Amino acid sequence: HKTEFKIHDLNTGPKLPYSDNEFDVITNSLSSDYLTSPLEVFTEMNRVLKPGGTASMAFTNRCFPTKVVPIWLSPMEDENHIKIIASYFHYSGGWEDISVADVCPAGWVGMRDPMYVVQARKAR
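Starting afresh in each chain, residues are numbered from 1 along the sequence in its written order. Since the coordinates come from a predicted model, pLDDT governs what is reported: local features require at least 70, and pairs of side-chain atoms require 80 or more to be given and counted, while whole-chain, interface and lining totals use all residues. The side-chain numbers reported here are obtained from all heavy atoms of the structure, hydrogens and water having been left aside.

### Some points on the overall build of the chain
At step 1: Secondary structure counts use DSSP, requiring at least four H or I residues in a row for a helix and at least two E residues in a row for a strand, with both numbered from the N terminus. Broken down by element type, the chain carries two helices and four strands.
At step 2: The secondary structure elements of the chain, listed N-terminal to C-terminal, are β-α-β-α-β-β.
At step 3: A globule of 124 residues ought to have a C-alpha radius of gyration of about 14 Å, and the chain, at 15 Å, matches this closely.
At step 4: Overall, the chain is about 45 × 30 × 25 Å in size when its C-alpha atoms are taken along their principal axes.
At step 5: The buried label applies to any residue whose accessible area, calculated with a 1.4 Å probe on protein chains only, is under 20% of its type's maximum; exposed applies above 50%, and partly exposed to all values in between. When each of the 124 residues of the chain is scored for burial, the buried share is 39%.
At step 6: Within the structure as shown, the chain displays about 7,700 Å² of accessible surface, and the carbon and sulfur contribution to it stands at 57%. Our radius of gyration is a C-alpha quantity, and the globule rule it is checked against amounts to 2.2 Å times the number of residues to the power 0.38. Per-residue and other accessible areas were derived by the Shrake-Rupley procedure at a 1.4 Å probe size, with only the shown protein chains allowed to occlude residues.

### Examining the sheet that holds strand β3 (residues 95-102)
Within a sheet, neighbouring strands are paired by backbone hydrogen bonds and run either parallel or antiparallel to one another.
At step 1: Following DSSP output, two strands are said to pair if at least two bridges run between them. One open sheet accounts for four strands, arranged β1-β2-β4-β3; its pairing is mixed. The outermost strands of the open sheet, each flanked by one partner alone, are β1 (23-29) and β3. Averaged over all pairs of adjacent strands, the angle between their axes in this sheet comes to 15°, without regard to strand direction.
At step 2: Two strands pair when backbone bridges link them, and β1 and strand β2 (residues 49-60) are joined in this way by six bridges, in the parallel orientation. Along β2, the bridge assignment pairs Asn28 with Met57.
At step 3: Contacts from helix α1 (residues 38-48) reach β1, β2, β3 and β4 (115-122), with the element oriented near 140° to β2.
At step 4: For this analysis, residues touch if any pair of their heavy atoms sits within 4.5 Å. Inter-axis angles, ranging from 0 to 180 degrees, are taken between N-to-C directions of lines fitted to C-alpha atoms, where helices are fitted over the stretch in contact. On the sheet, helix α2 (residues 78-92) packs against β2, β3 and β4 and is oriented at approximately 15° with respect to β4.

### Considering α1
At step 1: For α1, the tally of buried residues reaches eight of 11 residues, placing the bulk of the element in the interior.
At step 2: Of the positions making up α1, those classed as buried are Pro38, Val41, Phe42, Glu44, Met45, Asn46, Arg47 and Val48.
At step 3: Those residues of α1 hidden inside the fold are in contact with β1, β2, α2, β3 and β4.

The following block contains the structure:
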């Protein structure tokens, strides 16, 4: 098995340069909030994943407000962001077992650095 990473501007080209059913896992860290064509990107992720493969989208509440898609700021709340990413999986189709993991590190009382992972499995 090999691990591969590739830098690819998904806003200028949502088509992924890979064959169908090529990967077991896809991870995307800290960029879901900047996708201008999210349904196309999620459809492409589904295409390149093997049946039963997992896609994981990680994000925090930190962003560049002038660069994120407008929906990300309305409202700027973790629960809203979770729903946005889950809806990308839902409406792009072909996904099952959509779930969220709270991976927020422990912090001082009353303080947290929120981080979440919304993930789904490609339908078999």
